[in-house]
Amino acid sequence: MSVVYSIGIDFGTSNSCIAYATYYDRGNGKVDPHPVRRPEAISFHHRDTIPTVVFLGDGKGQPPMFGEMAEEKAPFYPELTRSGFKLHLGRPDTGREAFLLSKQFLTYLRQRAAEFIPLDDKDSFSRVETIVGHPVQWSADQREETRRAAEEAGFPNVRLEEESLAALYSHVCEEGAGFHPRPGSRILMVDMGGGTTDFAFLEVPSKPGERPESIPVDPAPAIETWGEGQRSYGGRDLDRLILDYLAREWEPELVQRHRQSLMREARRFKEVFSNHLREGADRYETLWLVGDDPRKVRLTRAEFEQMAAPYIAHFELLLRGALTEGKVAADQVTHLILTGGHSRWYFVDDALERVFPHLKTSDRTILRHSHPEQSVARGLAYDPVVRSNAAGILAPTRRAAHAVWLSVPNEGQSLTSKPKDEPVLLIPRGQQLPFQTRKPLRLRVEQLGVDAREAQVRIRFYSGERHRPLADRIARFERGFWEQLGKTFALRLPWAKQATPDQFEVLVACQVDEHELITAELLITRYLNGKAIDTQRQKMKLSNAAA
Ligand SMILES: Nc1ncnc2c1ncn2[C@@H]1O[C@H](COP(=O)(O)OP(=O)(O)OP(=O)(O)O)[C@@H](O)[C@H]1O
Ligand SMILES: [Mg+2]
């Protein structure tokens, strides 16, 4: 019988983890639910996780390095070390560098994975599937870039999965821990990582045979900000607060110069401090080497609670905001699943107790993984079992975390009296996925093309209520010889504004898959002097924002 290898990649802001499992193939995309080999994390320098850090190499004999080795280089080569880049994926300005770093980092993971998984053999008896996790709140482009980075790193058959669902899968599938949500359960999944805190509900229908549904909620925009207008809520935000507090009396230039390595020191300090508090201690102190200068750093519980009060209080606001947005009363929540290193804080437990007094770790209504740093990667490696509907729950369906808008701007000097490029709503937030436009959207565009050789139409997608632009999708038409000549001539004239405009009729049919990846099929007709002269059918995926 042939074998399926599944690789789960938890590509995290601060730490990443990669796990793999093997199953017997049952055909039709299904696997035998009893793994030949249960998901197991691949170790890096005897640790189950690897810091998401890249040392670029110095071009003078020191090659690029990854993980812990890269982290060790950071104090000496701050300008050649990169961390936290995951959060920049899909951004218009820093997205390209983030993509290249992610790809380079994932290529390193692939190299290590190939020691355990036949990634390079052309063995027809096995199939390899790669499942990469992403935060629930990621936009279509951030998802697409994550997938593309893994694909270009050489992982085969790459699919995506929400990190919080992956954490659920590891609870449902792990032997011994087997958690079987009953019909009618409503599970709140909270993933507290280095960069983000994500919330999603999983609703298990009362009717047997119906698939559970994952409903992402984003409480952040509706609640007050913390600190000075801060909306982001991850471990790194707390590192920053702690560093600013501990270094409050140090020379600002010194802090600025060593900011990167001090942030790392602050993170380590924070983790030990958090563990100490959990164990009942009320303070922690240690020495930091700042340049060549050892400095004592010390924090008490009382100082922390005063200094971080708005941050600590914010978690409860987020929890309550998630309930409001999901239109769920606290006592309707039957289970809570917690993941992410940042959820180890004592104040997280305190807030949970206040908001959900009926849920307890002791009766397994609050679930935390015994190896929290591995739970997402292992859950991802269970994905083939879940998709085979053999995990004790049916494979969940998903709802869109973001609205998607579309516009075809009248670019250049518009010749119509008023450019009409207001975005049109394509899918609302909460839309059941996958989704397909019922009939194509019809848009007319008229623009003064300024390129003599080709005419271009740019399709713009926007994400969320605040219309955050996603990468453009562009269709290009080569102009005919005579038109090129005419255009070149017309564009040189001072009265070029009167040159013939490019006119298009664009029919857009969109598909949004269950992971919110957008593909659009366009039928574009180009008109010249009112006559249709060219038609193009195009399948458009995310264009090369980062290519
Ligand atoms: N014992 C601890 N107490 C408090 N915080 C901790 C502890 N251990 C780890 N953390 C924090 O958890 C965060 C890392 O969590 P995790 O590894 O789940 O995030 P990530 O996957 O890298 O990020 P993301 O999921 O946002 O991309 C860091 O900010 C880290 O400092
Ligand atoms: Mg994570």
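First, a word on scope: everything that follows refers to the structure included in this document.

Once that is clear, we can look at the overall build of the chain. Looking only at helices and strands, the chain features 13 helices and 29 strands. Buried residues in the chain amount to 54% of all 547 residues. For the chain, the accessible surface area stands at approximately 25,700 Å², while carbon and sulfur atoms represent 49% of it.

With that settled, consider the sheet that holds strand β8 (residues 81-83). The antiparallel open sheet is built from three strands, whose spatial order is β7-β6-β8. Of all the strands in the sheet, just β7 (65-66) and β8 have a single pairing partner and so form its edges. Of the strand pairs in this sheet, strand β6 (residues 53-55) and β7 are connected by two bridges, and their pairing is antiparallel. Each bridged residue has a counterpart across the sheet, and for F55 the counterpart in β7 is M65.

Next up on the list: the site of ligand 1. Around ligand 1 there are 21 residues in total, and T13, S14, K270, E271 and S274 lie nearest to it. A distance of 2.6 Å is found between an oxygen atom of ligand 1 and a side-chain nitrogen or oxygen belonging to T13. Between ligand 1 and the protein, one listed contact pairs an oxygen atom with a side-chain N or O atom of K86 at 2.8 Å. Look at ligand 1: alone it shows 650 Å² of surface, and the protein chains cover 92% of it. Here ligand 1 is seated within the second largest pocket. Of all the elements, helix α7 (residues 259-278) adds the most residues to the shell around ligand 1, at five residues.

Let's shift gears to the pattern of salt bridges. Counted by the stated rule, this structure contains 46 salt bridges. A salt bridge links R378 to E174, with the nearest nitrogen and oxygen atoms 2.5 Å apart. Taken as a pair, R378 in helix α11 (residues 372-381) and E174 in the loop between α4 (163-173) and β11 (186-192) lie far apart in primary sequence, 204 residues in all. Per residue, the accessibility class of R378 equals that of E174, and both read buried.

Right, let's talk about the layout of surface pockets for a bit. Estimated volume of the second largest pocket: approximately 870 Å³. Going through the elements one at a time, β2 (15-27), β11, α5 (235-246), α7 and α11 are the ones with two or more residues in the lining of the second largest pocket. With six residues, the top contributor of residues to the lining of the second largest pocket is α7. Among the residues making up the lining of the second largest pocket, the classes are represented as seven nonpolar, 17 polar and 14 charged. Residue contributions to the lining of the second largest pocket reach at least three from each of two domains, namely domain 1 (3-187 + 370-393) and domain 2 (235-309).

Attention now goes to the packing of α5 against α7. For any two helices packed against each other, the geometry comes down to the angle between their axes and how far apart the axes lie. Their axes nearest at 8 Å, the elements α5 and α7 cross at an angle of 105 degrees. Between α5 and α7, the angle is such that the two are roughly perpendicular. On the side of α5, the interface is formed by G235, R236, L238, D239, R240, I242, L243, D244 and L246, while α7 contributes R259, L262, M263, A266, R267, F269 and K270. Of the residues that constitute the contact of α5 with α7, the class distribution is eight nonpolar, one polar and seven charged.

Right, let's talk about the environment of L106 for a bit. Following the sequence through the fold, L106 ends up in helix α2 (residues 95-113). On the basis of relative accessible area, L106 is assigned to the buried category, the value being 1%. Taking the C-alpha atoms as reference, L106 lies 9.6 Å from T52; in sequence the two are 54 residues apart. When residues no more than four places from it in sequence are discounted, the contact partners of L106 are I9, F11, A149, A150, A153 and F155.

Turning our eyes to something else, we now look at the sheet that holds β11. Pairing within the open sheet is mixed, and its seven strands lie in the order β17-β16-β11-β12-β13-β18-β21. The open sheet has two free edges, formed respectively by β17 (366-368) and β21 (432-433), since each of these has just one partner strand. Two strands pair when backbone bridges link them, and strand β12 (residues 197-203) and strand β13 (residues 213-217) are joined in this way by five bridges, in the antiparallel orientation. Each residue of the ladder has a partner; that of E203, found in β13, is E213. Sheet strands touched by α4: β11, β12, β13, β16 (335-339), β17 and β18 (397-399). Its angle to β11, the strand with the most contacts, is close to 115 degrees. Strands β11, β12 and β13 of the sheet are contacted by helix α9 (residues 309-326), whose axis makes an angle of about 35 degrees with β12.

Definitions and limits used
Residues numbered from 1 in each chain as written. Chains lettered and ligands numbered in written order. Predicted model: local features only at pLDDT ≥ 70, side-chain atom pairs only at ≥ 80, totals over all residues. Heavy atoms only, no water. Helix = DSSP H or I, 4+ residues; strand = E, 2+ residues; numbered from the N terminus. Buried < 20%, exposed > 50% of the residue type's maximum accessible area, 1.4 Å probe, protein only. Areas by Shrake-Rupley, 256 points an atom, 1.4 Å probe, with all protein chains shown as cover. Pairing = 2+ DSSP bridges. Near = heavy atom within 4 Å. Polar contact = N/O pair within 3.5 Å; in protein donor to acceptor, adjacent residues only side chain to side chain. 1 Å grid on protein atoms, 1.4 Å probe; cavity = no way out; pocket = protein on both sides within 12 Å on 5 of 7 lines; lining within 4 Å. Sits in = over half its atoms within 2 Å of the grid points. Salt bridge = Lys/Arg side-chain N within 4 Å of Asp/Glu carboxyl O. Points joined across faces, edges and corners; volume = space filled by probe spheres on them. Nonpolar A, V, L, I, M, F, W, Y, C, P; charged D, E, K, R; others polar. Domains from an automatic or database assignment. Axes fitted to C-alpha atoms, helices over the stretch in contact; angles between N-to-C directions. Parallel < 35°, antiparallel > 145°, perpendicular 65-115°, else oblique. Contact = heavy atoms within 4.5 Å.

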